[in-house]
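Residue-level listing of the chains:
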Amino acid sequence: MDSVMRDPSGRTLAARHGRASATAAVRGVLEDLRRQIVAGEGPEVSERTIAEAASRLLTGRGLRRVINATGVVLHTNLGRSVLSEQAALAAYDAATGYSNLEYDLRSGSRGSRYDHAVPLLRELTGTEDALVVNNCAGATLLALAAVVESKASEAPEVIVSRGQLIEIGGGFRIPEVLALSGARLREVGTTNRTRLSDYEKAVNENSSAVLWVHPSNFEMVGFTESVGVQDLTSMGLPVIADVGSGALLSVGEEPRVQGVLRDGADLAIFSADKLLGGPQAGIAVGASRWISAMRNHPLARALRADKLCLAALEATLSSYLEGTEKDDLPTLRMIGAPVLEVEAKATHLAENLRRSVPGLDLDVTPSVARSGGGTLPTFEIPSFAVRLGGTDPEALADDLRSADPPVVGRVHEGRVWLDVRTLLPGDEEAVIGALRDAYG
Ligand SMILES: *Cc1c(COP(=O)(O)O)cnc(C)c1O
């Protein structure tokens, strides 16, 4: 497939988008000038002032494409995972036409949006049923709310280890999500050590579930002990496992969704836009009983995934089923690229920069990339960067961010580091353009 996405008329989507937003910006500037003229303010009108004002508008506002030269693959601030071309095209199709989102094509009657992606998830994880909502935080909330509601108790409790009362990504805190779900938190064990006997002692007639949480974004070393999903299943309560990153393949030490299910979790919950490499979504897989309870809970409607997400997710999951995920999904490609390949990419960029922007102070240096997005916090991915010096690094980083498209690098040891592991096909040109405009 062409490495650049094109719409049916052959224009690249990037070009279309760029043109549309630039046109809108220029129109906005002209309207402003017209207002000022009518008000008798006599503004300076020249091609340059209009272009500058439009460029200010473009850089200051709106969601736009940026070049990620940070080396952090699932960069939370830069949109986490990059969709595969197949996923983007599926979303494009769903966006620009009608779809069978809630329509059963066989019977010609109403269908359910909750049916999409379910057969794929069943096949990939071997579970009975699945539900897709708009993110993992939502899926966790909904799972807890559904399980707690099914417990005939005035004060339903959910048991959680003190070592797993974590905060993810500034705002998602397990104790708070639990409270929102209507459950009472029953904390057991200590921060560093929790044993099965701690859980067992906490069980009473109000116990409605055990929540196991993968402490995604930190690691504890030293005198620690925790209880795995397999042992928790001996307690006779539903076990909800918040797996977080949703690795369907082995990536570092990250728990795999299939592993947690094999260990007996009743529900496994994970993000679709972390290591899975798909669109923003939260996925719950597991026992039909609990998935149905989630689907029928009033909160499901508030958390439902939209058609663009479902289309992109199905295409992403199809890559896994076809065994082409490591080639198709940019997230896995970037994490898995051999370091020699990354070094060659850095050398290539450096050579082209030397040619295009003579006099630029630069070298190629080993660096450390990360998977990011609150996954594999201590996993260092050997990488390479083009390092820029010869000027105030903050000013240089600023110039790169003002380029179109903006280039986001890292200031480190008095230089700007452009880690090439996270550069996508076509990004090299944009980086060269940005530096040529600023220093050429
Ligand atoms: C990332 C993460 C979440 C939140 O996922 P979102 O998709 O950002 O909502 C929840 N739980 C765990 C364990 C996570 O790692």
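Above this note sits the structure.
What comes next is a walk through the structure. All chains use their own residue numbering, which begins from 1 and follows the written sequence. Local features in a predicted model are, by the rule used here, given only for residues with pLDDT of at least 70; side-chain atom pairs are given and counted only at 80 or more, and totals for whole chains, interfaces and linings are based on all residues. Only hydrogens and water are removed before side-chain values are computed, so all heavy atoms of the structure are retained for them.

Topic: the overall build of the chain
Line of reasoning, step 1. The helix and strand labels rest on DSSP assignments: H or I over at least four residues marks a helix, E over at least two residues marks a strand, and numbering proceeds from the N terminus. Counting its secondary structure elements, the chain contains 17 helices and 17 strands.
Line of reasoning, step 2. In terms of overall dimensions, the chain has C-alpha extents of about 75 × 55 × 50 Å along its principal axes.
Line of reasoning, step 3. For the chain, buried positions account for 48% of its 440 residues.
Line of reasoning, step 4. Throughout, a residue-residue contact means that at least one pair of heavy atoms, one from each residue, lies within 4.5 Å. In the chain, of all internal contacts separated by at least 6 residues, the share reaching a separation of at least 24 is 73%.
Line of reasoning, step 5. With residues, only the protein chains shown are counted as cover, and all accessible areas are computed by Shrake-Rupley using a 1.4 Å probe. When the accessible area of the chain is evaluated, it comes to approximately 21300 Å², of which 50% is carbon and sulfur surface. Relative accessibility thresholds used throughout: buried, under 20% of the residue-type maximum; exposed, over 50%; partly exposed, between the two (1.4 Å probe, protein chains only).

So, the site of the ligand
Line of reasoning, step 1. Near, as used in this document, describes a residue that has one of its heavy atoms within 4 Å of the molecule or strand being considered. Every residue close to the ligand is listed here: Arg80, Asn135, Cys136, Ala137, Ile168, Phe172, His214, Ser216, Asp242, Gly244, Ser271 and Lys274.
Line of reasoning, step 2. Each polar contact in these results corresponds to two N or O atoms within 3.5 Å; when the atoms are within protein, one needs to be able to donate a hydrogen and the other to accept it, and residues that are neighboring in sequence are counted only if both atoms are side-chain atoms. Interatomic distance of 2.8 Å between a backbone N/O atom of Ala137 and an oxygen atom of the ligand.
Line of reasoning, step 3. Between the ligand and the protein, one listed contact pairs an oxygen atom with a side-chain N or O atom of Ser271 at 2.5 Å.
Line of reasoning, step 4. Contact with the protein chains hides 94% of the accessible area of the ligand, taken as 380 Å² for the molecule alone.
Line of reasoning, step 5. Those elements giving two or more residues to the shell around the ligand turn out to be α5 (136-149) and β10 (239-244).
Line of reasoning, step 6. Residues are grouped as follows: Ala, Val, Leu, Ile, Met, Phe, Trp, Tyr, Cys and Pro are nonpolar; Asp, Glu, Lys and Arg are charged; every other residue, Gly included, is polar. The class makeup of the residues in the shell around the ligand is four nonpolar, five polar and three charged.

A word on the side chain of Asn68
Line of reasoning, step 1. Positionally, Asn68 belongs in strand β1 (residues 67-68).
Line of reasoning, step 2. Here the side chain of Asn68 touches Thr70 through a polar contact of 2.5 Å, side chain to side chain.
Line of reasoning, step 3. Polar contacts involving the side chain of Asn68 include one to the main-chain carbonyl oxygen of Val72, which spans 3.0 Å.
Line of reasoning, step 4. Not counting the four nearest positions on each side in its chain, Asn68 is found in contact with Val73, His75, Leu78, Val408, Asp419, Thr422 and Leu423.

Here we look at helix α15 (residues 339-356)
Line of reasoning, step 1. Between its first and last C-alpha, α15 extends 25 Å over 18 residues, near the 26 Å set by a 1.5 Å rise per residue.
Line of reasoning, step 2. For α15, the complete set of buried residues consists of Val342, Ala346, Leu349, Ala350, Asn352 and Leu353.
Line of reasoning, step 3. Among the structural elements, β13 (362-369), β14 (381-388) and α17 (427-439) are those in contact with the buried residues of α15. Expected helix span is given by 1.5 Å per residue-to-residue step, counting one fewer step than there are residues.

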